[in-house]
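Examination of the molecular architecture
So the chains spell out like this:
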Amino acid sequence: MSQSAPVTNTDNTIPYAEARDAMMSTYAPPETVFVRGEGAYVYTQDGDKYLDFFAGIAVNCLGHCHPDLVSTLQAQAGQLWHMSNAYRVPQGETLAHKLAELSGLGKVFFTNSGTESVECGLKMMRRYHFDHGHPEKNRIIGASSAFHGRTFAAICAAGNPVHTKGFAREDEGYDHAPFNDLAAIEALISDKTAGIIVEPVQGEGGIHVASKEYLEGLRALCDKHGALLMFDEVQCGIGRTGKVFGFQHASVQPDIIALAKGLGGGFPVGACVASNEVGASMVVGTHGSTYGGNPLAMAVASKVMEIVAQPEFLNQVSETADKLHTALNGLVEKYPTILSEVRGAGLMVGLRCKSADANGALLGLARDNKILLTKAGDNVLRLLPPLIIDESHIAEAVEKLDQALASYAATL
Ligand SMILES: *Cc1c(COP(=O)(O)O)cnc(C)c1O
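This section reports on the structure supplied with the text. Please read these numbers as outputs of a predicted model, since none were measured by experiment. (Residues numbered from 1 in each chain as written. Predicted model: local features only at pLDDT ≥ 70, side-chain atom pairs only at ≥ 80, totals over all residues. Heavy atoms only, no water.)

**Let's talk about a nonpolar patch on the surface**
Taken together, the side chains of L80, M83 and Y87 present a nonpolar region at the surface, about 300 Å² in accessible area. Of note, L80 is situated in the loop between helix 3 (67-77) and helix 4 (90-103). The exposure class of L80 is partly exposed, given its relative accessible area of 38%. (Patch = residues over 30% accessible without salt bridge, like charges linked within 9 Å, V, L, I, M, F, W, Y side chains within 5 Å. Areas by Shrake-Rupley, 256 points an atom, 1.4 Å probe, with all protein chains shown as cover. Salt bridge = Lys/Arg side-chain N within 4 Å of Asp/Glu carboxyl O. Helix = DSSP H or I, 4+ residues; strand = E, 2+ residues; numbered from the N terminus. Buried < 20%, exposed > 50% of the residue type's maximum accessible area, 1.4 Å probe, protein only.)

This is the structure we're talking about:
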């Protein structure tokens, strides 16, 4: 394995270790430095080529430097970057209309990240009931092994002690029930419940797919108790599962959807989409964002949606995904002592390992074999390739993973 020589900073004046030390230790990246990307590949400063089945955590949905995104960004950069929401942003209005239409909802608030989209949705749940004379309806139910981002509200809604420890108080108005367990929600939900937040496919938690019955059952329970249903589609939305939104595999309509990641194809942008009725509570003064929905973000996100929402594009994602699942199942059969199953929806795929040791080791061995993946909970290796991959990328990925698995098997 070739190890990249450490770079310093952009102007080479500060020693590498010193510059790196100035970063908070919230991440622990390997030494490898990537300097260029094209399609499904990224290149290091030494020219090493990696197959990117990580896509910046499902962000680079059209791969790296998609020509249409590059030209859109460059054109907008030469026109107008930022005005603030004190003025109209026509590209945003058009994109909002498109997202409203695609989701069957009606109102959109643009943000800069997933956690802000979630935060907006959670605030909206409470504000809606407050507006309708029910301030007591303010509790929010989340699912176990959920992930909704890193703001206070998002960590409380997900309730993962790793993320709340030292930050959140004991009771911030959130309840939790095991994922995919309707009976548990039924036991928890009450007239104090403002709403339920769930990922139709859990990403960080380990690629757990919500059953159709679960999503539809949540809708029925919310309707019965006058609560709102919110889907966090930050990871599973924007074509990732072969539909524009992950929930569209079930017959269910949420009141609120949180979006980000794939929406900008690499440009930071998010959106919180709500029904007309719920969105109506967000009047002047209730919420805001300085950057949210600025012309640069809106231009790029509009282009992403123009491409991703095409039926032919989505069909292609589903077909490619079937081939990937089949190919990965071959690896599970070949390495039954290391791998236990392939799961997921579309190109949001989990390769479950039988041990935490295998999970950790395989991530590094995969990288040694020039393929990038990431981990998720429950000993899962997570594959989130760009949605533009074809059969050749699948064959290459499986070959590289096979090599990584063979290396790991040799150590057992
Ligand atoms: C990544 C993610 C978030 C948080 O998004 P950020 O852009 O990191 O704030 C929220 N929910 C889900 C499901 C995610 O995968």
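There is more to say, and it comes next.
**Examining the sheet that holds strand 2 (residues 41-44)**
Read across the open sheet, the four strands follow the order 1-2-3-15; overall the sheet is mixed. Edge positions in the sheet fall to strand 1 (34-38) and strand 15 (371-372), since each of these pairs with one other strand and no more. Where strand 3 (residues 49-52) meets strand 15, two bridges bridge the pair, whose relative direction is parallel. Residue pairing in the sheet places L51 in a bridge with I371 of strand 15. (Pairing = 2+ DSSP bridges.)

**What about the sheet that holds strand 16 (residues 374-376)?**
Sheet architecture is open: four strands sit in the order 13-14-17-16, paired in antiparallel fashion. Single-partner strands in this sheet number two, and they are strand 13 (339-345) and strand 16. Recorded for the sheet is a direction-independent mean angle of 30 degrees between the axes of neighbouring strands. Pairing of strand 13 with strand 14 (residues 348-353) involves six bridges; the strand directions are antiparallel. From the neighbouring strand, A345 faces strand 14, where its bridge partner is M348. Helix 12 (residues 311-334) contacts strand 13, strand 14 and strand 17 (380-383) of the sheet and is inclined by roughly 170 degrees relative to strand 13. (Axes fitted to C-alpha atoms, helices over the stretch in contact; angles between N-to-C directions. Contact = heavy atoms within 4.5 Å.)

**Quick notes on the site of the ligand**
Residues in contact with the ligand, as listed here, are S113, G114, T115, F147, H148, G149, E199, D232, V234, Q235 and K261. Separating an oxygen atom of the ligand from a backbone N or O atom of G114 is a distance of 2.8 Å. Within the backbone of F147, one N or O atom sits 3.3 Å away from a nitrogen atom of the ligand. With the chains in place, 82% of the 380 Å² that the ligand exposes on its own is no longer accessible. (Near = heavy atom within 4 Å. Polar contact = N/O pair within 3.5 Å; in protein donor to acceptor, adjacent residues only side chain to side chain.)

**Examining unusual backbone geometry**
The phi dihedral of I207 is positive, around 55 degrees, even though this residue is not glycine. Mapped onto the elements, I207 comes out in the loop between strand 8 (201-202) and strand 9 (208-209).

**Looking at the side chain of T111**
Relative to the helices and strands, T111 is located in strand 4 (residues 107-111). Engagement of the side chain of T111 in a polar contact is seen with the backbone oxygen of S113, the distance being 3.0 Å. For T111, the residues in contact, after removing those within four places along its chain, are E116, S117, V269, G270, A271, G292 and G293.

**Considering the nonpolar core**
Counting residues in each nonpolar core, the largest one holds 87 residues, and the members touching the most others are L328 and L362. Here this core spans two domains, and each of domain 1 (16-65 + 311-409) and domain 2 (69-308) adds at least three residues to it. What L328 contacts, discounting residues up to four positions off in sequence, is V342, V349, L351, L383, V398 and L401. (Core = buried A, V, L, I, M, F, W, Y, C linked by side-chain atoms within 4.5 Å. Domains from an automatic or database assignment.)

**Describing the pairing of strand 7 (residues 193-198)**
Counting buried positions along strand 7 gives six out of six residues, so the element sits mostly inside the fold. The pairing of strand 5 (residues 139-143) with strand 7 spans four bridges and is classified as parallel. Of the residues in strand 7, the one forming a bridge with G142 is I197. Sheet topology places strand 7 next to strand 10 (residues 228-232); four bridges connect them, and they run parallel. For G195, the partnering residue across the bridge sits in strand 10 and is L228.

**Thoughts on empty space enclosed by the protein**
Under the definition given, this model contains one cavity of 30 Å³ or more. In this structure, the largest cavity encloses a volume near 40 Å³. Sorting the residues of the lining of the largest cavity by element identifies helix 13 (356-368) and helix 14 (391-411) as the ones contributing at least two each. For the lining of the largest cavity, the element with the highest residue contribution is helix 14, accounting for three residues. Counted by class, the lining of the largest cavity contains eight nonpolar, no polar and no charged residues. (1 Å grid on protein atoms, 1.4 Å probe; cavity = no way out; pocket = protein on both sides within 12 Å on 5 of 7 lines; lining within 4 Å. Points joined across faces, edges and corners; volume = space filled by probe spheres on them. Nonpolar A, V, L, I, M, F, W, Y, C, P; charged D, E, K, R; others polar.)

**What about helix 5 (residues 114-131)?**
What sets the pattern is the α-helix's 3.6 residues per turn: residues three or four places apart point alike. The terminal C-alpha atoms of helix 5 lie 25 Å apart, and with 18 residues this matches the ideal 26 Å at 1.5 Å per residue to within 8%. G133, located one to two residues past helix 5, shows a positive phi value of around 80 degrees. (Expected span 1.5 Å × (residues − 1).)

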